[in-house]
Amino acid sequence: MAKATKTITQAMQYPSRYAAWFTTTQALFNTVASFYFEVITAHEQVLLLSSHRALHALETLTHATEENPDPVMPLDAIAPQVPALFRRAAIHAALGSAHAFETSLQKWRARKEKAALKKKRFTEHPPVPPRTWNRSPTFYKGQWKGRTASSILLKLWTGARWIWVNVRLLSRDLPDGYEPGSPSLVRHGSHWRLHTPVEKTFTSPGKVAVQLAHAQTRICAIDLNLDHHLAVCTIQTADGSTVATTFLSGGKRVNGRRKWLLGRIARNRRKTGILAENEPDNVALWEKIRHVDEQVAHLISARIVHFARQHQASVLVFEHLGKLKPQKGRYSRRGNSKRAFWMKGRIFTNAKYKAWNEGMITSRVNPRNTSRECARCHGLIVRYHAKQGPEPAGYTPGAPLAWCPACGMKGHADRNASVVIGQRLRTRVHHQEKPRAPLLDPGERDEKSSGVVRSQDANSEGGPSRRRARRHGTGKGYGTTHEDHARMVAPSAIPRPLPLFSES
């Protein structure tokens, strides 16, 4: 069985006096959590216990009972009348922060020891424990009750006593099929909202190799781009047939909006000429850029998952785009390109968890030459614009149309790349044997006297040069980065099943 979790955010409608009680409750929660963090720091062996045993140990150290009338560090000295469930929520918050700090400290010590072994100078400062606490209070069951689709009762601290208040819930209701968890009270600017984690259990979809062993399995191959179509998705069957295709546009509008905002930032900076150190500038404009990218990433990822679910696909496959570099140019052009690459990463991250919530898994393949390889015969294609004529030549990065001189395939270049991405996933799963390279005609071969060194030539009589062979095989190219004006590289000769590739 597998689990899918997500958080539902709901706005609340409440009288103005409730806002002060929300703030007081949060302040008390952080005071208690900070106190327990100090207790954990004084008794570090607590971190070695399980969550349940650590909770019991911390309550024994701080909470007075009939069996334990004199605790070592009483909580009542700083926060009397704290309910048990409120206290335990603060303990778990403190334990989480303590474990995170301990992990960061161990990693810092490991980096320091590694630098000492290599006799390198290590100037990195060690991590420090939290100086301030601004955690959102979590309400365990017993701190809330009477929840409906439009209201909930919360137990709040007014500064003098605990009271129950009824607040109205706005926005969407909890989704069907999910079990709600403990809600949290989170401040959003001057307003407060309720964040509720929800969880559902479903049958695990299985690994990619297991799913592709069945003929009825469908995969959704996605080609992410930077131009007009942000994503091109194709539904493919396990035997290689293409069932459906969709084009998700909006790239030009997003790039134009982002570039306009970056231009305003550049003009504002030019007026002053000096940027204050460690002080953010143009905060509102930067916030707008982040909001635009986040909105588009969530929108495109949701449409990808919806398209895959609509056609009963159980696997999503993307390119593994990890080292994209922005193109050269003015500040707004470089910044726009860099943030477009970041947005592609957000699309993949968002689609991954959204697909898992729908019972689908996500995989990635090598992106080398996905936009330069023909999905039918796997030869080099020609990318061109419609105005270049019926028989184009060369390769125009970012051009929308594709033509293969070898087999005559014509169609949309991004759709062709999407089909290639799906083929590579099936090839990797089936572990097909790589065939021998085709022999070249005598006139196409390079002579040894031309100075060309082949990776299979030995450097000495003792054996082949492993260093040269390894360096020759580590080149990386990214077929979907249309702005990279690199020379054309021949695609891989790994065989792939020939799909029923029909252009529409």
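Please refer to the structure placed before this passage.
The shown structure was predicted, so the numbers you read here are calculated from the model rather than taken from an experiment.

Asks: Go over the state of the cysteines with me, naming the residues and quoting the values.
Replies: Under the criterion given, the structure shown has zero disulfides. Of the cysteine sulfurs around Cys220, a residue in no disulfide, the closest is that of Cys233, at 4.6 Å. You can see Cys374 has no disulfide; the closest cysteine sulfur is in Cys407, sitting 3.6 Å from it. According to the relative accessible area criterion, Cys374 is buried, its value standing at 0%.

Asks: Explain the packing of aromatic side chains to me, using residue names and the numbers behind them.
Replies: Taken as a whole and assessed by the stated rule, the structure comprises eleven aromatic pairs. Each ring, one from Tyr18 and one from Trp21, has its centre 5.3 Å from the other, and the planes form 25°; the classification is stacked. Here Tyr18 and its partner Trp21 are both found in helix α1 (residues 16-42), three residues apart, which amounts to about one turn of the helix. Comparing Tyr18 with Trp21, the two get one shared label, buried. An angle of 85° between the planes, with centres 5.2 Å apart, marks the rings of Phe318 and Phe348 as edge-to-face. Of this pair, Phe318 sits in strand β11 (residues 315-319) while Phe348 sits in helix α7 (residues 331-357), placing them 30 residues apart in sequence. The class for Phe318 is buried, based on a relative accessible area of 1%. Taken together, the ring pairs connect Phe29, Phe86, Trp157 and Trp162 into an aromatic cluster. Stacked on the ring of Trp164, the Lys or Arg Lys145 has its end atom at 4.4 Å from the ring centre.

Asks: Outline the packing of α1 against helix α2 (residues 51-62), listing residues and values.
Replies: Where α1 meets α2, the closest approach of the two axes is 11 Å, and the angle between their N-to-C directions is 100°. With respect to each other, α1 and α2 are oriented roughly perpendicular. On the side of α1, the interface is formed by Phe35, Tyr36, Val39 and Ile40, while α2 contributes Leu58, Leu61 and Thr62. Taken together, the residues that form the contact of α1 with α2 break down as six nonpolar, one polar and no charged.

Thresholds, definitions, all that
- Residue positions are given per chain, counted from 1 along the sequence in the order it is written.
- Totals for whole chains, interfaces and linings use all residues, but because this is a predicted model, local features are given only for residues with pLDDT of at least 70 and pairs of side-chain atoms are given and counted only at 80 or more.
- Side-chain numbers come from the whole structure's heavy atoms, not from hydrogens or water.
- Two cysteine sulfurs form what is called a disulfide whenever their separation falls within 2.5 Å.
- For the exposure calls, accessible area comes from a 1.4 Å probe over protein chains only, and a residue counts as buried if that area is under 20% of its type's maximum, exposed if over 50%, partly exposed in between.
- Side-chain rings of Phe, Tyr and Trp (the six-membered ring for Trp) are treated as a pair once their centres are within 6.5 Å; stacked means planes under 30 degrees apart, edge-to-face means over 60, and tilted covers the remaining angles.
- Put simply, DSSP H or I for four residues or longer makes a helix, DSSP E for two residues or longer makes a strand, and each gets a number counted from the N terminus.
- A ring is scored as having a charge over it whenever the NZ atom of a lysine or the CZ atom of an arginine sits within 6 Å of its centre and within 35 degrees of its normal.
- Angular values range over 0 to 180 degrees, each being the angle between N-to-C directions of two axes fitted as lines to C-alpha atoms, with helices fitted over their stretch in contact.
- Each angle receives one of four descriptions, namely roughly parallel if under 35 degrees, roughly antiparallel if over 145, roughly perpendicular if within 65 to 115, and oblique otherwise.
- The contact criterion used is simple: two residues touch if any of their non-hydrogen atoms lie within 4.5 Å.
- Just so you know the grouping, Ala, Val, Leu, Ile, Met, Phe, Trp, Tyr, Cys and Pro go in nonpolar, Asp, Glu, Lys and Arg go in charged, and all remaining residues, Gly too, go in polar.

All we've got here are geometric facts, nothing functional implied.
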